[in-house]
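Listed here are the chains, written in short residue letters.
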Amino acid sequence: MYLGIETQTGLIYAGSNPGLLMPAVPIPTVTQARLIKVPEDWGRVPTGPVSWVFREDTFDPVTRMRRGRLYETDTAFAQPWNHRVVPHPYEDPFGRQEGAGGRTSKPLLVYKTCRSLLAEKRHGLGLTIALGDATAVSAWRIIQAEIDATGCLMVTLKSLSAFGILPNLDTAKVPSDLQKGADQAFERVLNSAFRESPISVIDHCRNAMTVFLSAWLVGQNHNRSILAADLGKVADVVGGPPYDRQAISWAARIIARLHSRGKDNEMRSKGLRAPVDEDAEFALEALGFVLRELEWAAG
């Protein structure tokens, strides 16, 4: 199957033959796409016509899942290339542009079914795909891939967004002189989530948790020296009397342990595995839990 994007109007055409493309009605949402294999790929997201595009068929805002068709550039054609197409009813409702055979010529960027994804391990399942361009891009995990009866590659995507995991920080709850540091720590977590390595995301979560918990203790009239303590020490204080916030304390201790796994010597000496994406997601979940327990979650 083929998909064409008209370069002057952005209208979409589709069909089983690049020489017999029909208008796609209603106009579907088509987004530039790039497979993210290493964190550095985020710096290579598209700024113009690219090799992959995603045609969205459905989106569920509750489950944060999208389903649609994935295409890649057809290198058999120069891009763009003039193709004979049926006049688009949104552009020419009365068929005045019709030529021989009821068709007209349009400059199209032409894409074909994305077989490149199927060449990846497990057909790309579990990999991250970026949708959008360099000015605004979102991250999604490929959780299903299949070829439908027409030959299109159908993919199901799950949103990878910290905004679906982390609540917003209610800065007003933070002691006034520590609000700036708390905001900065929170922003670093949001900016790193699902874009940097798991070790980096866990490190930002550990830092934010240290900042939040030590600031909370200061707000509870604890000695301000706690602001210079590491997360392990802060977790001990939060879990001990007079606070006895055991759930928060254990969440913080787990993040501190995960952080230590980012050190090669720690992994080798204790025979530990390296952190993976799911561990980073757990760290984000733990940070969100702590914000809710502290009643610092906005909304």
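Residues numbered from 1 in each chain as written. Predicted model: local features only at pLDDT ≥ 70, side-chain atom pairs only at ≥ 80, totals over all residues. Heavy atoms only, no water.

### Examining the nonpolar core
One finds Met209, Phe212, Leu213, Leu284 and Trp296 to be the most contacted residues of the largest nonpolar core, which totals 53 residues. The set of elements that each furnish at least two residues to this core consists of strand E10 (136–147), helix H1 (179–192), helix H2 (198–219), helix H3 (231–239), helix H4 (246–260) and helix H6 (277–293). Counting residues per element, this core draws most heavily on H2, which supplies 11 residues. Here leucine 213 is in contact with Leu231, Val234, Val238, Ile248, Ala252, Val290 and Leu294, once residues within four sequence places are set aside. Core analysis: the second largest hydrophobic core is formed by 15 residues, Ala33, Trp140, Ile142 and Ala145 among them. (Core = buried A, V, L, I, M, F, W, Y, C linked by side-chain atoms within 4.5 Å. Buried < 20%, exposed > 50% of the residue type's maximum accessible area, 1.4 Å probe, protein only. Helix = DSSP H or I, 4+ residues; strand = E, 2+ residues; numbered from the N terminus. Contact = heavy atoms within 4.5 Å.)

### Describing unusual backbone geometry
Across the junction of valine 25 and proline 26, the peptide omega takes the value -5°, indicating a cis bond. Tracing the backbone shows proline 26 in the loop between strand E3 (22–23) and strand E4 (29–36). Even without a glycine there, the phi angle at phenylalanine 194 is positive, about 65°. Overall, the relative accessible area of 15% leaves phenylalanine 194 in the buried class. Backbone geometry places glutamate 295, a non-glycine residue, at a positive phi of 65°. Relative to the assigned elements, glutamate 295 resides in the segment after H6. For glutamate 295, a relative accessible area of 58% corresponds to the exposed category.

### Examining the environment of tyrosine 71
Tracing the sequence through the fold places tyrosine 71 in strand E6 (residues 65–73). When its relative accessible area of 1% is taken as the criterion, tyrosine 71 is described as buried. Residues tyrosine 71 and arginine 55, 16 residues apart in the sequence, show an inter-C-alpha distance of 8.0 Å. Ignoring anything within four residues of it in the chain, the contact list for tyrosine 71 reads Met1, Tyr2, Leu3, Ser51, Trp52, Val53, Arg55, Tyr111, Lys112, Thr113, Cys114 and Cys152.

### Comments concerning the pattern of salt bridges
A complete count under the given rule lists 12 salt bridges for this structure. For glutamate 146, the salt bridge identified is with arginine 67, shortest N-O distance 3.3 Å. Here glutamate 146 is found in strand E10, whereas its partner arginine 67 is found in strand E6, with 79 residues between them in sequence. Looking at glutamate 146, the relative accessible area reads 30%, which means it is partly exposed. A salt bridge links aspartate 170 to lysine 173; its shortest N-O distance comes to 3.8 Å. Overall, aspartate 170 belongs to the partly exposed group, its relative accessible area being 23%. (Salt bridge = Lys/Arg side-chain N within 4 Å of Asp/Glu carboxyl O.)

### Structural notes on H6
Counted at 1.5 Å a residue, the expected span for H6 with its 17 residues is 24 Å, and the 25 Å between its end C-alpha atoms agrees. Among the residues of H6, Asp279, Ala280, Ala283, Leu284, Ala286, Leu287, Gly288, Val290 and Leu291 are the ones counted as buried. Buried residues along H6 sit in contact with H1, H2 and H4. Glutamate 295 occupies a position one or two residues after H6 and carries a positive phi of about 65°. (Expected span 1.5 Å × (residues − 1).)

### A look at H3
The α-helix winds at 3.6 residues per turn, so residues separated by three or four positions along the chain end up facing the same way. Those residues of H3 not exposed but buried are Leu231, Val234, Ala235, Val237, Val238 and Gly239. Where H3 is buried, its residues meet H2 and H4.

### Overview of the layout of surface pockets
Size it by volume and the largest pocket reaches roughly 280 Å³. Looking at the lining of the largest pocket, the elements with two or more residues in it are H2 and H6. Of the residues belonging to the lining of the largest pocket, the class tally is 11 nonpolar, 3 polar and 6 charged. (1 Å grid on protein atoms, 1.4 Å probe; cavity = no way out; pocket = protein on both sides within 12 Å on 5 of 7 lines; lining within 4 Å. Points joined across faces, edges and corners; volume = space filled by probe spheres on them. Nonpolar A, V, L, I, M, F, W, Y, C, P; charged D, E, K, R; others polar.)

### Remarks on the pairing of strand E9 (residues 128–133)
In terms of burial, E9 is largely enclosed, as 5 of its 6 residues are buried. Bridge count between E4 and E9: 4 bridges; the pairing is antiparallel. Bridge pairing in E9 links alanine 33 to leucine 131. Relative to E10, E9 is paired through 6 bridges, and the arrangement is antiparallel. Bridge pairing links aspartate 133 to alanine 136 in E10. Between E9 and E10, which pair antiparallel one after the other, the connecting turn spans 2 residues. (Pairing = 2+ DSSP bridges.)

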